Amino acid sequence: MASRLRLSGENPNPRPRSNYTPDSNDAAREGAAEWKPEARREVTDLGDGSELVHVPRFVPREAAWEWFDYLDKRIPWARPTIRVFGRSAVQPRDICYVSDEGLTDLKYSGHQPHAHSWDEFPVLKDILKAVHEALPGSHFNSLLLNRYKTGSDYVSWHADDESLYGPTPEIASVTFGCEREFLLRKKPTRSQASPGSGEAARKRLKVSAPQQHSFLLKHGSLLVMRGYTQRDWQHSVPKRAKASSPRINLTFRQVL
Ligand SMILES: O=C(O)CCC(=O)C(=O)O
Ligand SMILES: [Fe+2]
């Protein structure tokens, strides 16, 4: 099931040679105007009403680099202190939060990120439009941005199962820059979580080893989690010593 990571010592995402101005809002917007999302999609049925959709070449390379540079320079990235298992810890990646006005506030791990307006970042509206066009019926109204500066930055196992997203949230995740591995594992069932002791419990654990999936999320890719994925599965982006350049990830969500 779990596929192997294909990171090599070389930069897997060499930049195209072009003369775009990296931090210009106009360049980032014009580059995007010319493309149509590629149709190739891989759908993974996780069972019991959970599904993933992977579009490896959602944004063409050059437009994706323009967006990467814009986001890297213009987003007011912050690395907040959060509470994990009763302890304070600096979040192991940069984040920023953007949302419509008047929504329920996002709070996680004792932290409430400031909600920026879409109007501050016109490029984010362009990316949102492209995501909406690729996913008919979607109505994303908030966005959590993550920046992994090096391979030491990560997101640990979690599910985006906050009640403000409802029981079956659709989450669309767009990746720019360094490719990183994205892992999914099935949440333990009740019998796995408290297996008891003795031979019967050991056997039960053996037959139900956790299911796991791995995706190498490339520059310009889109991954959608839907159905009961947040209820039944956890995901993570582990540390990777060989990932030496930054990765920016955008997760679009709908606050109900
Ligand atoms: O960086 C990623 O691909 C995942 C980020 C994530 O899981 C989150 O923001 O909740
Ligand atoms: Fe997540």
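Because the structure is a prediction, the values reported are computed rather than measured.

> I'm lost on the coordination of the iron ion (ligand 2) in this one. Help?
Perfect tetrahedral coordination of a metal by four donors corresponds to 109.5 degrees between them, and perfect octahedral coordination by six donors corresponds to 90 or 180 degrees. Protein coordination at the iron ion (ligand 2) comes from His 158 (NE2), Asp 160 (OD) and His 235 (NE2), with a distance range of 2.1 to 2.2 Å. Sequence spacing among the residues donating to the iron ion (ligand 2) works out to H-x1-D-x74-H. Of this pair, Asp 160 sits in the loop between β8 (155–158) and β9 (171–177) while His 235 sits in strand β13 (residues 233–237), and the two are 75 residues apart along the sequence. Among the residues examined, Asp 160 registers a relative accessible area of 7% and is labelled buried.

> Explanation requested: the site of ligand 1 in the structure shown.
Around ligand 1, a shell composed of Asn 146, Tyr 148, His 158, Asp 160, Phe 182, His 235, Val 237, Arg 247, Asn 249, Thr 251 and Arg 253 is seen. Here Asn 146 contributes a side-chain N or O atom positioned 2.9 Å from an oxygen atom of ligand 1. Within the side chain of Tyr 148, an N or O atom sits 2.5 Å from an oxygen atom of ligand 1. Here ligand 1, which alone exposes 290 Å², has 98% of that area covered by the protein. Among the elements that make up the shell around ligand 1, the one with the highest residue count is strand β14 (residues 247–253) (four residues).

> Before we go on, may I ask you to explain the confidence of the model for the protein chain in this structure?
Segments scoring low in pLDDT should not have their predicted coordinates read at a detailed level. When the pLDDT values of the protein chain are averaged, the result is 87; 80% of them are 70 or greater. This model gives residues 1–10 a pLDDT under 50, and the stretch forms 17 contacts once residues within four places in sequence are excluded. Between residues 17–22, whose pLDDT stays under 50, and residues either more than four places distant or in other chains, the model counts 11 contacts.

Quick notes on the rules
Residues numbered from 1 in each chain as written. Chains lettered and ligands numbered in written order. Predicted model: local features only at pLDDT ≥ 70, side-chain atom pairs only at ≥ 80, totals over all residues. Heavy atoms only, no water. Donors = N, O, S within 2.8 Å, 3.2 Å for Na, K, Ca; no water. Helix = DSSP H or I, 4+ residues; strand = E, 2+ residues; numbered from the N terminus. Buried < 20%, exposed > 50% of the residue type's maximum accessible area, 1.4 Å probe, protein only. Near = heavy atom within 4 Å. Polar contact = N/O pair within 3.5 Å; in protein donor to acceptor, adjacent residues only side chain to side chain. Areas by Shrake-Rupley, 256 points an atom, 1.4 Å probe, with all protein chains shown as cover. pLDDT = per-residue confidence, 0-100. Contact = heavy atoms within 4.5 Å.

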